[in-house]
Amino acid sequence: ACAMWCFLACWALAHCGLYWMSAEVVALLRVLEPKRKSVTPLSLSHFSWLKLWTALVIENTLIPLFILAVACHPGVEWGGVRYSKKGGKVKAVGRRS
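Remember, it's a predicted structure, so these values are computed and weren't measured experimentally. (Residues numbered from 1 in each chain as written. Predicted model: local features only at pLDDT ≥ 70, side-chain atom pairs only at ≥ 80, totals over all residues. Heavy atoms only, no water.)

Asks: What is the right way to look at the overall build of the protein in this model?
Replies: Looking only at helices and strands, the protein features two helices and three strands. In the protein, the order of α-helices and β-strands from amino to carboxyl end is α-α-β-β-β. In terms of overall size, the protein is more extended than a compact globule, its C-alpha atoms giving a radius of gyration of 21 Å where 97 residues would be expected to give roughly 13 Å. A burial count over the protein gives 8% of its 97 residues as buried. Once local pairs closer than 6 in sequence are excluded, the contacts in the protein between residues at least 24 apart make up 24%. For the protein, the computed accessible surface area is about 8,400 Å², with 71% contributed by carbon and sulfur atoms. Considering the protein, the positive charge centre built from 12 side chains and the negative charge centre built from 4 side chains are found 10 Å apart. (Helix = DSSP H or I, 4+ residues; strand = E, 2+ residues; numbered from the N terminus. Rg over C-alpha atoms; globule rule 2.2 N^0.38 Å. Buried < 20%, exposed > 50% of the residue type's maximum accessible area, 1.4 Å probe, protein only. Contact = heavy atoms within 4.5 Å. Areas by Shrake-Rupley, 256 points an atom, 1.4 Å probe, with all protein chains shown as cover. Lys, Arg positive; Asp, Glu negative; His and termini not counted. Charge placed at Lys NZ, Arg CZ, Asp CG, Glu CD.)

See below:
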């Protein structure tokens, strides 16, 4: 029973944090795009909270897998430039031909 209350408390706290973060993003969008004031204002009621929570779960599941893949791979290609690493340092940089 205690675990259930802890889970519910953590879920409520996470939901409040997600709501606050979303409100801050909406406020930032309003500041960065003043032309939008003539159009219907963006509000949190337009959010699909199920989609937002689903995306959050998927993101937090996949990020450790991507980090592991990058850590185990000897090189990475970014913006057409190939970086090779050895011992935690970049050893070679080359462009794709």
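Asks: Where do I start with the pairing of strand β1 (residues 75-78) in this structure?
Replies: The two faces of the sheet receive side chains in turn, since in a regular strand these alternate between them. With four bridges connecting them, β1 and strand β2 (residues 81-86) associate as antiparallel partners. Bridging across to β2, Trp78 finds its partner in Val81. (Pairing = 2+ DSSP bridges.)

Asks: How do you make sense of the packing of helix α1 (residues 2-32) against helix α2 (residues 49-72) when you look at a structure like this?
Replies: Between two packed helices, both the angle of their axes relative to each other and the distance between the axes serve to describe the pair. Axis separation between α1 and α2 bottoms out at 12 Å; the angle between their running directions is 105 degrees. When the axes of α1 and α2 are compared, the pair comes out roughly perpendicular. Contacts between α1 and α2 pair Trp11, Ala14, His15, Leu18, Tyr19 and Ser22 from the former with Trp49, Leu52 and Trp53 from the latter. Residues belonging to the contact of α1 with α2 are distributed by class as follows: seven nonpolar, two polar and no charged. (Axes fitted to C-alpha atoms, helices over the stretch in contact; angles between N-to-C directions. Parallel < 35°, antiparallel > 145°, perpendicular 65-115°, else oblique. Nonpolar A, V, L, I, M, F, W, Y, C, P; charged D, E, K, R; others polar.)

Asks: I'm lost on the side chain of Ser22 in this one. Help?
Replies: The topology assignment puts Ser22 in helix α1. Excluding residues within four positions of it along the chain, Ser22 makes contact with Leu44, Phe47, Trp49 and Leu52.

Asks: Can you help me understand the sheet that holds β1 in this one?
Replies: The three strands lie next to each other as β1-β2-β3, forming an open sheet whose pairing is antiparallel. Of all the strands in the sheet, just β1 and β3 (89-95) have a single pairing partner and so form its edges. Here the average twist between neighbouring strands, direction ignored, is 25 degrees.

Asks: Just checking my understanding: could you explain the environment of Leu52 for this structure?
Replies: With respect to the element layout, Leu52 can be found in helix α2. A relative accessible area of 27% places Leu52 in the partly exposed class. In this structure the C-alpha to C-alpha distance between Leu52 and Ser22, which are 30 residues apart in sequence, comes to 9.8 Å.

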